[in-house]
Amino acid sequence: MIERFSISQPMVFSRLTRLAQITFSAAIALNLWVHPSLAGDPFRTREPHQIGDKTEAAFKAIFQQGDYPAAERYLKEALSSESNEPLAYAMRASLAYANNDLAALDNYSRKTLETGEKLIAADPLRGNLYTAVGHFFEGAAVLNREGTVKGAPTALSRLRQVYQYLDKAEAISPRDPELNLVKGYMDLMLAVSLPFANPDEAIERLETNAAPEYLANRGIALAYRDLKQYSQALDYANRALKSTSNNPEIYYLKAQILKEQGKREKSQQIMKEAIANFDKALTKKSQLPGNLVKQIESERNGAVNGLKNIGG
């Protein structure tokens, strides 16, 4: 396991902290309304695990609707009434990271870890899974607090623990959909960050064993985007949109892919489509964090300039 982190260690964890804000949050928060008949478990058709109603509502708000203010309201209730559910703390830690709230990130990272560890006795699979998630966020908190250079040794130690606990969870149920979604996202980010790494295994993990399907598709789209394989990335972004057509972040992802594809192919039509998707995302900017809105607006402006450069 340690060999995974022998190359470009500070760079690897730096990329993973970005994942906490943009994609890993999706992997750990996981929309619970894709299959509502399962009473809180969208991952398993057999032996479902129960998760609290307020936590479910928060997931629905952020990952199906892309509505961060609603998610914040539901999470406030969840942390009061469902205090033994590590998923709620993991989601709150992710939002704290996105908002650069370091005090909250420290607090909810610790709570994710503590509740994950407590859950191991009753539910070893999910307990080990969210203990891994807690270590991940604590590593991200160290890097935010101390910087990449100073914080790298501690952060990389945390990252090793992440994979130790993921491996324990995988030993219990290697085909578990929730585990494979989280681990698939993690492995993809390592694959696109490390030289000579092969993302095929992680992509296959998401395609064959992860659920809900739209989050697996989103993760694969992100991977292909970072690998500059834009046709494949666009295909999976469109698949994700079929189930989350009201989520502005998916239109943002699609816009990013189209923008890079348009630049590569020097295509006015593709660049215009990218701008249209940035605009779709911005129609719901009141739902999104302010720093994310600024980023979308900046990238949209870049697409407009790119269109001018290719004669549009």
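Calculation notes
Residues numbered from 1 in each chain as written. Predicted model: local features only at pLDDT ≥ 70, side-chain atom pairs only at ≥ 80, totals over all residues. Heavy atoms only, no water. Helix = DSSP H or I, 4+ residues; strand = E, 2+ residues; numbered from the N terminus. Buried < 20%, exposed > 50% of the residue type's maximum accessible area, 1.4 Å probe, protein only. Contact = heavy atoms within 4.5 Å. Areas by Shrake-Rupley, 256 points an atom, 1.4 Å probe, with all protein chains shown as cover. Expected span 1.5 Å × (residues − 1). Polar contact = N/O pair within 3.5 Å; in protein donor to acceptor, adjacent residues only side chain to side chain. Core = buried A, V, L, I, M, F, W, Y, C linked by side-chain atoms within 4.5 Å. Patch = residues over 30% accessible without salt bridge, like charges linked within 9 Å, V, L, I, M, F, W, Y side chains within 5 Å. Salt bridge = Lys/Arg side-chain N within 4 Å of Asp/Glu carboxyl O. Lys, Arg positive; Asp, Glu negative; His and termini not counted. Charge placed at Lys NZ, Arg CZ, Asp CG, Glu CD. Phe/Tyr/Trp six-rings, centres within 6.5 Å; stacked < 30°, edge-to-face > 60°. Lys NZ or Arg CZ within 6 Å of the ring centre and 35° of its normal. Axes fitted to C-alpha atoms, helices over the stretch in contact; angles between N-to-C directions. Left-handed = near helix turned anticlockwise from the far one by under 90°. Nonpolar A, V, L, I, M, F, W, Y, C, P; charged D, E, K, R; others polar. Parallel < 35°, antiparallel > 145°, perpendicular 65-115°, else oblique.

Asks: Which parts of the structure should I look at to understand the overall build of the chain?
Replies: Helix and strand counts for the chain come out as 15 helices and 0 strands. By the burial criterion, 56% of the 312 residues in the chain qualify as buried. Considering only contacts within the chain whose residues lie at least 6 apart along the sequence, 65% involve residues at least 24 apart. As presented, the chain carries roughly 13400 Å² of accessible surface, and 47% of it is formed by carbon and sulfur atoms.

Asks: Whenever I open this one, helix H9 (residues 177–193) confuses me. Can you help?
Replies: Structurally, the α-helix is built with 3.6 residues per turn, so residues lying three or four positions apart point the same way. Taking 1.5 Å of rise per residue, the 17 residues of H9 would be expected to cover 24 Å, and the 24 Å separating its terminal C-alpha atoms lies within 8% of that figure. Along H9, 17 of the 17 residues are buried, which leaves the element largely enclosed by surrounding structure. Where H9 starts, the residue carrying a side-chain oxygen 3.2 Å from the main-chain nitrogen of Glu178 turns out to be Asp176.

Asks: What am I meant to see in the nonpolar core here?
Replies: Generally speaking, soluble globular proteins have nonpolar side chains that are buried together. Of all hydrophobic cores here, the largest spans 86 residues; its most connected members are Met91, Val162, Leu166, Leu206 and Ile296. Look past the residues within four positions of Ile296 in its chain and what remains in contact with it is Tyr252, Phe278, Ala281, Leu282 and Leu288.

Asks: What should I look at first to understand unusual backbone geometry in this one?
Replies: Glycine aside, negative phi is the norm for most residues, and most peptide bonds take the trans geometry. At the junction of Ala211 and Pro212, the peptide bond is cis and its omega measures out at 0° in the coordinates. Here Pro212 is to be found in the loop between helix H10 (200–209) and helix H11 (213–226). Non-glycine residue Lys228 carries a positive phi angle of around 65°. Mapped onto the fold, Lys228 is located in the loop between H11 and helix H12 (230–243). Lys228 gets classed as partly exposed once you look at its relative accessible area, which sits at 49%. For Lys266, which is not a glycine, the phi torsion comes out positive at approximately 50°. Mapping Lys266 onto the fold places it in the loop between helix H13 (248–265) and helix H14 (268–282).

Asks: Hey, could you run me through the environment of Ala141 in this one?
Replies: Relative to the helices and strands, Ala141 is located in helix H7 (residues 124–146). With relative accessibility at 5%, the residue Ala141 sits in the buried group. When residues no more than four places from it in sequence are discounted, the contact partners of Ala141 are Leu105 and Asp106.

Asks: Any chance you could explain a negative patch on the surface here in plain terms?
Replies: On the surface, a cluster of negative charge is made up of Asp200, Glu201, Glu204 and Glu207. Residue placement: Glu204 occurs in helix H10.

Asks: Whenever I open this one, the pattern of salt bridges confuses me. Can you help?
Replies: Two side chains of opposite charge can pair, provided their charged atoms sit close to one another. By the definition in use, this model includes 17 salt bridges. Note that Arg218 is salt-bridged to Glu249, the shortest N-O span being 3.9 Å. Of this pair, Arg218 sits in helix H11 while Glu249 sits in helix H13, placing them 31 residues apart in sequence. Considered together, Arg218 and Glu249 belong to a single accessibility category, that of buried residues. For Glu260, the salt bridge identified is with Lys263, shortest N-O distance 3.7 Å. With Glu260 and Lys263 both in helix H13, this residue pair falls 3 residues apart, about one helical turn. Residues joined in a network through salt bridges with shared partners are Glu170, Lys183, Asp187 and Arg205.

Asks: Where do I start with the packing of aromatic side chains in this structure?
Replies: Working definition: an aromatic ring pair is given by the centre-to-centre distance plus the angle between the planes. A full pass over the atoms with the stated rule returns 3 aromatic pairs. With 5.5 Å between their ring centres and 75° between their planes, Phe136 and Phe137 make a pair best called edge-to-face. Classification of Phe136 as buried rests on a relative accessible area of 0%. Judged by relative accessible area, Phe137 falls into the buried class, the value being 0%. Against the face of Tyr236 rests Arg239, its NZ or CZ located 4.2 Å from the ring centre.

Asks: How do you make sense of H13 when you look at a structure like this?
Replies: Its 18 residues give H13 an end-to-end C-alpha distance of 26 Å, which sits within 8% of 26 Å, the value for a rise of 1.5 Å per residue. Counting buried residues in H13 gives 14 out of 18 residues, a clear majority hidden from the surface. Two to three positions downstream of the cap, the backbone nitrogen of Glu249 sits 2.9 Å from a side-chain oxygen, assigning the N-cap of H13 to Asn247.

Asks: What's the story with the packing of helix H3 (residues 53–64) against helix H5 (residues 86–98) in this structure? I'm lost.
Replies: If you want to describe how two helices pack, look at the angle between their axes and the distance between the axes. Packing of H3 against H5 brings their axes to within 10 Å, and their N-to-C directions diverge by 35°. The two elements H3 and H5 meet at a crossing, and its hand is left-handed. For the pair formed by H3 and H5, the contact residues are Thr55, Phe59, Ile62 and Phe63 on the first element and Leu87, Ala88, Met91 and Leu95 on the second. Broken down by class, the residue content of the contact of H3 with H5 amounts to 7 nonpolar, 1 polar and no charged.

Asks: Help me understand the packing of H5 against H7, please; the structure alone is not making it clear to me.
Replies: Packing of H5 against H7 brings their axes to within 10 Å, and their N-to-C directions diverge by 20°. Relative to H7, the element H5 is oriented roughly parallel. In terms of crossing hand, the pair formed by H5 and H7 is left-handed. Between H5 and H7, the residues in contact are Pro86, Leu87, Ala90, Ala93, Ser94 and Tyr97 and Arg126, Tyr130, Val133, Phe137, Ala140 and Asn144, respectively. Of the residues assigned to the contact of H5 with H7, the class counts are 9 nonpolar, 2 polar and 1 charged.

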